[in-house]
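# Descriptive analysis of the structure
Each chain, written out:
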2 protein chains.
Amino acid sequence: MTTATRKVKKEIPAHEARAEAQRIAFGPVLFMACWTMQRKGLFDLLFKAGTEGITQMELAAESGLSPYAIKVLADMALTSGVLHEREGRLTLTNTGLMLATDKMTQANMDFVGDVCYQGMWHLEEALEAGRPAGLKVFGEWPTVYRALAELPQHVRRSWFEFDHFYSDHSFPPAMDIVFASAPRQIMDVGGNTGKWAISCLRRDPKVRMTVVDLPGQLVEVERNVAKAGFADRLTTVTADMLDPNSRLPEGADIIWMSQFLDCFSEDEVVAILQKARSAMGPNTSVYIMETFIDRQRFEAASFCLAGTSLYFTAIANGNSRMYRAEDFKPLVERAGLRVAEEHDHVGQGHSIWRCVRA
Amino acid sequence: MTTATRKVKKEIPAHEARAEAQRIAFGPVLFMACWTMQRKGLFDLLFKAGTEGITQMELAAESGLSPYAIKVLADMALTSGVLHEREGRLTLTNTGLMLATDKMTQANMDFVGDVCYQGMWHLEEALEAGRPAGLKVFGEWPTVYRALAELPQHVRRSWFEFDHFYSDHSFPPAMDIVFASAPRQIMDVGGNTGKWAISCLRRDPKVRMTVVDLPGQLVEVERNVAKAGFADRLTTVTADMLDPNSRLPEGADIIWMSQFLDCFSEDEVVAILQKARSAMGPNTSVYIMETFIDRQRFEAASFCLAGTSLYFTAIANGNSRMYRAEDFKPLVERAGLRVAEEHDHVGQGHSIWRCVRA
């Protein structure tokens, strides 16, 4: 087994386990303390102070927060390994440094804070009902995809920053993989904001793109592609992949599905891949880009993916998840496809599978 | 420095710090997953399965949850060190064992889940305004103490179980300390549900108790003391310690304040201790029992106390906290008292200070 999550690890002793359990128990409180410290600029001040450090009174004066507010936040950070204190001066630990400066940590914090925190309260209901019961904190929609265009601006921003953080790192190497076969016609199923389409159109002036998505998203795709100056090589197709009568157009050399199938349940994934199969010619490949829990180099990455699964449960749609490759491959096969090529560790932990008709 | 939090610890390497930061970022999600697993009986099933383990399908069948629900919860638990998996069978790690069986962990989880989770969302507002802005998730009250009698039953239960878990372990040793001087008249300021009063009345048939609290709580104190058969040795006194005109009655040998002063801001603590001082005779002692962040044997205990501080900020009253002894002693002195005796590590990390007129 190559996966981080399958290693049977050395067991920690009971007193450490007890401490670990308390970190889980007070996890929401620790999160809110750190997120608040980020948002109020305290981590920035601490970062600027460097190894010199900064006093609580200086933090209060510079942030505008009360000495009481600084004290309770600092106590939380000091007892959780986020800050050090020496002779009354606070400095960031390595963990604090990540919270202060690391872009992935920032994207994760804002995603959990803005998109997940309140809705996660309804996790139990979501698990019991198979519905995204937490989405109601934002309004009444059946899934987050229907809601996306109407979510509050800061929620939308955190959603896309999370989404794009991961795809931004994967798109350049992914493009090398996809363009190796010099495709002329690429169909992007689940085109999101058009980022991938624009990258492809920019990369090769002879390539044509077809983007398939829900109407709300296609408006944005068209606007963004037009702004980039590539409208003449774009076709958009409105289709709801959950509609049993929907079809995908034929004629593509490559069908691209990036971080798309994780938005669906196992049966839905099979049905969508069957639609793809029906649209495939003899030389068409389906490229699936996903982040698989069991194909990560770092345990922390598997952990974040498993956490993201619960976002799907509680907020997105109630029935999808970040898959394990071992669970996902049988779905590809059930759809009458087979995996012809596998690439792991693309960008931030993505895998790309080239699939052909079985 | 004897305190766990003051040790400058060995710095963890960057990749571990990055993992640690992600655990903070997804902390609310991990919490909700584990709390749900507790509440739905999954940890009980895993505990019963012992080292044999149990499959995901068996967990689904026995809990009534869907295979999908079990899978997303199990992935979260597997990637966070709560569960092990071997040949398709899940077992609890030591951390999982704590979540499944440890009473303190249970009390902390229910407290954070039922009392804190939703209100903690308003932490930033609470810190800025100095008001318990999160209390509004339950209704409109100025402080949680005014709300306590009217909170939803399950919230009230989790609040008291948290409170009592810690005091239950400290009351027996605390009683030995307090009764060493053979007091005849004890005044309990902030009598809560009457637990301490009943313990004292039971311990010594010659002791008389005066309990001071808000009217709502005194009803419960009187009922509980009467039920225990000690009504004839109880006096109750209604007083709001925040009212500048309130006074404490004279004549007590011992004035007892247990986990009471942490409910107040620094200036309020001084004002209350001044009221106590005015009520003291030449031989009266004030016994203060608190959990001080900087007097804990275990770092995890300091961490839980710092987390509890943020409950005070966001939900209880907006301006109090679990104190550090180093911050608290000056308050005692400002009130014209001095600490004559100190006991640390009483029960679950309590300290008891005997204070006399300076």
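Since the model is a prediction, treat every value here as computed from it, not as a measurement.

### Overview of the overall build of chain A
- Helix and strand counts for chain A stand at 15 helices and nine strands.
- Taking the principal axes of its C-alpha atoms as reference, chain A extends roughly 70 × 50 × 40 Å.
- Within chain A, contacts between residues separated by at least 24 positions form 66% of all contacts whose residues are at least 6 apart in sequence.

### Comments concerning helix 2 (residues 27-39) of chain A
All names here are of chain A.
- For helix 2, which comprises 13 residues, the first-to-last C-alpha distance of 18 Å matches the rise-based estimate of 18 Å (1.5 Å per residue) to within 8%.
- Most of helix 2 sits inside the fold, with eleven of its 13 residues counted as buried.
- Among the residues of helix 2, Gly27, Pro28, Val29, Leu30, Phe31, Met32, Ala33, Cys34, Trp35, Thr36 and Met37 are the ones counted as buried.
- Downstream of helix 2 by one or two residues, Gly41 has phi in the positive range, about 80°.

### Describing the confidence of the model for chain A
All names here are of chain A.
- Here chain A averages 94 in pLDDT, while 97% of its residues score no lower than 70.
- Note on residues 1-8: pLDDT is under 50 here. Beyond four places in sequence and across chains, it has 18 contacts.
- Under the prediction, the complex receives an ipTM of 0.93, its pTM being 0.93.

### Some thoughts on the sheet that holds strand 9 (residues 350-357) of chain B
Residues and elements named next belong to chain B.
- The seven strands are arranged 5-4-3-6-7-9-8 in an open sheet whose pairing can be described as mixed. Since the sheet does not close on itself, it has two edges, and those belong to strand 5 (234-238) and strand 8 (337-346), each with one partner. Strand-to-strand twist of the sheet, defined as the mean angle between neighbouring strand axes without regard to direction, takes the value 20°.
- For strand 3 (residues 185-189) and strand 6 (residues 254-258), the ladder comprises three bridges, and the chain directions are parallel. What sits directly across from Ile186, in strand 6, is Ile254.
- Packing of helix 10 (residues 153-179) onto the sheet brings it into contact with strand 6, strand 7 (285-290), strand 8 and strand 9, and relative to strand 8 it is tilted by some 130°.
- Its contacts with the sheet place helix 11 (residues 195-203) against strand 3, strand 4 (208-213), strand 5 and strand 6, and it is angled at close to 175° to strand 4.

### Some details on the relation of the copies chain A and chain B
- The transformation that overlays chain A on chain B combines an axial shift of 0.0 Å with a rotation of 180°, and the residual RMSD is 0.0 Å. The relationship between the two copies is best expressed as a two-fold rotation axis.

### Focus on the sheet that holds strand 5 (residues 234-238) of chain A
Residues and elements named next belong to chain A.
- Ordered in space as 5-4-3-6-7-9-8, the seven strands form an open sheet in which the pairing is mixed. With one partner strand each, in any of the chains shown, strand 5 and strand 8 (337-346) form the two edges of the open sheet. Neighbouring strand axes in the sheet, compared pairwise and without regard to direction, differ in orientation by 20° on average.
- Here helix 10 (residues 153-179) sits on the sheet and contacts strand 6 (254-258), strand 7 (285-290), strand 8 and strand 9 (350-357); the angle it forms with strand 8, its principal contact strand, is near 130°.
- In the packing of helix 11 (residues 195-203) onto the sheet, contacts are made with strand 3 (185-189), strand 4 (208-213), strand 5 and strand 6, and the angle to strand 4 comes to roughly 175°.

### Digging into the pairing of strand 8 of chain A
All names here are of chain A.
- With seven bridges connecting them, strand 8 and strand 9 associate as antiparallel partners. In the strand pairing of strand 9, Arg338 is matched with Val356.
- Hairpin connection, strand 8 to strand 9: the antiparallel pair is bridged by three residues, and Gly347 has positive phi, about 55°.

### As for the domain arrangement of chain A
- Domains assigned within chain A are domain 1 (14-101) and domain 2 (167-357).
- Measuring from the centre of the C-alpha atoms in domain 1 of chain A to the corresponding centre in domain 2 of chain A gives 40 Å.

### Describing the packing of helix 7 (residues 103-120) of chain A against helix 10 of chain A
Residues and elements named next belong to chain A.
- The contact between helix 7 and helix 10 brings their axes to 8 Å, and the two run at 140°. One finds that helix 7 runs oblique with respect to helix 10. Judged by the twist between their axes, the crossing of helix 7 over helix 10 is left-handed. Of the residues in helix 10, those touching helix 7 at Lys103, Met104, Ala107, Asp110, Phe111, Asp114 and Val115 are His154, Val155, Ser158, Trp159, Glu161, Phe162 and Phe165.
- Counted by class, the contact of helix 7 with helix 10 contains eight nonpolar, two polar and four charged residues.

### Section: the interface of chain A and chain B
- With 71 residues of chain A at the contact, the number on the chain B side is 72 residues.
- When residues of the side of chain A that touches chain B are traced back to their parent elements, those giving at least two are helix 1 (14-25), helix 2, helix 5 (67-79), strand 1 (83-86), helix 6 (94-101), helix 7, helix 8 (123-129) and helix 14 (299-316) of chain A.
- Taken together, the residues of the side of chain A that touches chain B break down into 39 nonpolar, 21 polar and eleven charged.

### Some remarks on the nonpolar core
- Counting residues in hydrophobic clusters, the biggest one holds 230 residues, and the most contacted among them are Ala33(A), Leu73(A), Trp256(A), Ala33(B), Leu73(B) and Trp256(B).
- Non-local contacts of Trp256(A), meaning those with residues more than four positions away in its chain, are made with Val178(A), Ile186(A), Met187(A), Asp188(A), Val189(A), Trp196(A) and Tyr287(A).

### Looking at the packing of helix 3 (residues 42-49) of chain B against helix 6 (residues 94-101) of chain B
Residue and element names in this part refer to chain B.
- Relative to each other, helix 3 and helix 6 sit at 120°, their axes nearing to 9 Å. Relative to helix 6, the element helix 3 lies oblique. The way helix 3 lies across helix 6 gives a crossing that is left-handed. From helix 3, Phe43, Asp44, Leu46 and Phe47 reach across to helix 6, where they touch Gly96, Leu99, Ala100 and Thr101.
- Class assignment of the residues belonging to the contact of helix 3 with helix 6 gives a composition of five nonpolar, two polar and one charged.

### Describing the pairing of strand 6 of chain A
All names here are of chain A.
- When you tally the buried positions in strand 6, you get five out of five residues, the bulk of the element.
- Of the two faces of strand 6, the one holding Ile254, Trp256 and Ser258 and the one holding Ile255 and Met257 are both buried throughout.
- Judged from the five bridges that link them, strand 6 and strand 7 form a sheet pairing that is parallel. Among the inter-strand pairings, Trp256 is bridged to a residue of strand 7, identified as Tyr287.
- For the crossover that starts at strand 6, traverses helix 13 (residues 266-279) and ends in the parallel strand 7, the hand is right-handed.

### Considering helix 11 of chain B
- Taken as a whole, helix 11 of chain B has its buried residues at Lys195(B), Trp196(B), Ala197(B), Cys200(B) and Leu201(B).
- Those residues of helix 11 of chain B that are buried lie in contact with helix 10, strand 3, strand 4, helix 12 (215-227), strand 5 and strand 6 of chain B.

### A look at unusual backbone geometry
All names here are of chain B.
- We note that Gln259 has phi near 45°; this positive angle belongs to a residue other than glycine.
- According to the C-beta neighbour criterion, Gln259 is partly exposed, with 19 such atoms within 10 Å.
- A positive phi angle is found at His345, which is not glycine, with a value near 60°.
- Its location among the elements puts His345 in strand 8.
- Its 12 C-beta neighbours within 10 Å are what place His345 among the exposed residues.

### Some points on the environment of Met289(A)
Residue and element names in this part refer to chain A.
- Mapped onto the elements of the fold, Met289 is located in strand 7.
- Judged by C-beta crowding, with 24 C-beta atoms within 10 Å, Met289 ranks as buried.
- Sequence-wise, Met289 and Phe260 are 29 residues apart; in three dimensions their C-alpha atoms are separated by 8.1 Å.

### Concerning the environment of Leu201(A)
Residues and elements named next belong to chain A.
- Here Leu201 is to be found in helix 11.
- According to the C-beta neighbour criterion, Leu201 is buried, with 22 such atoms within 10 Å.
- Distance in space between the C-alpha atoms of Leu201 and Phe230 is 6.8 Å, their sequence separation being 29 residues.
- Those residues in contact with Leu201, other than ones at most four positions away along the chain, are Val207, Met209, Phe230 and Arg233.

The rules behind these values
- Residues numbered from 1 in each chain as written.
- Chains lettered and ligands numbered in written order.
- Predicted model: local features only at pLDDT ≥ 70, side-chain atom pairs only at ≥ 80, totals over all residues.
- Helix = DSSP H or I, 4+ residues; strand = E, 2+ residues; numbered from the N terminus.
- Contact = placed C-beta atoms within 7 Å.
- Expected span 1.5 Å × (residues − 1).
- Buried ≥ 20, exposed ≤ 12 C-beta atoms within 10 Å, placed from the backbone.
- pLDDT = per-residue confidence, 0-100.
- Pairing = 2+ DSSP bridges.
- Axes fitted to C-alpha atoms, helices over the stretch in contact; angles between N-to-C directions.
- Least-squares fit on C-alpha atoms with pLDDT ≥ 70 in both.
- Domains from an automatic or database assignment.
- Parallel < 35°, antiparallel > 145°, perpendicular 65-115°, else oblique.
- Left-handed = near helix turned anticlockwise from the far one by under 90°.
- Nonpolar A, V, L, I, M, F, W, Y, C, P; charged D, E, K, R; others polar.
- Core = buried A, V, L, I, M, F, W, Y, C linked by C-beta atoms within 7 Å.
- Right-handed = clockwise from strand over helix to strand, strands pointing away.

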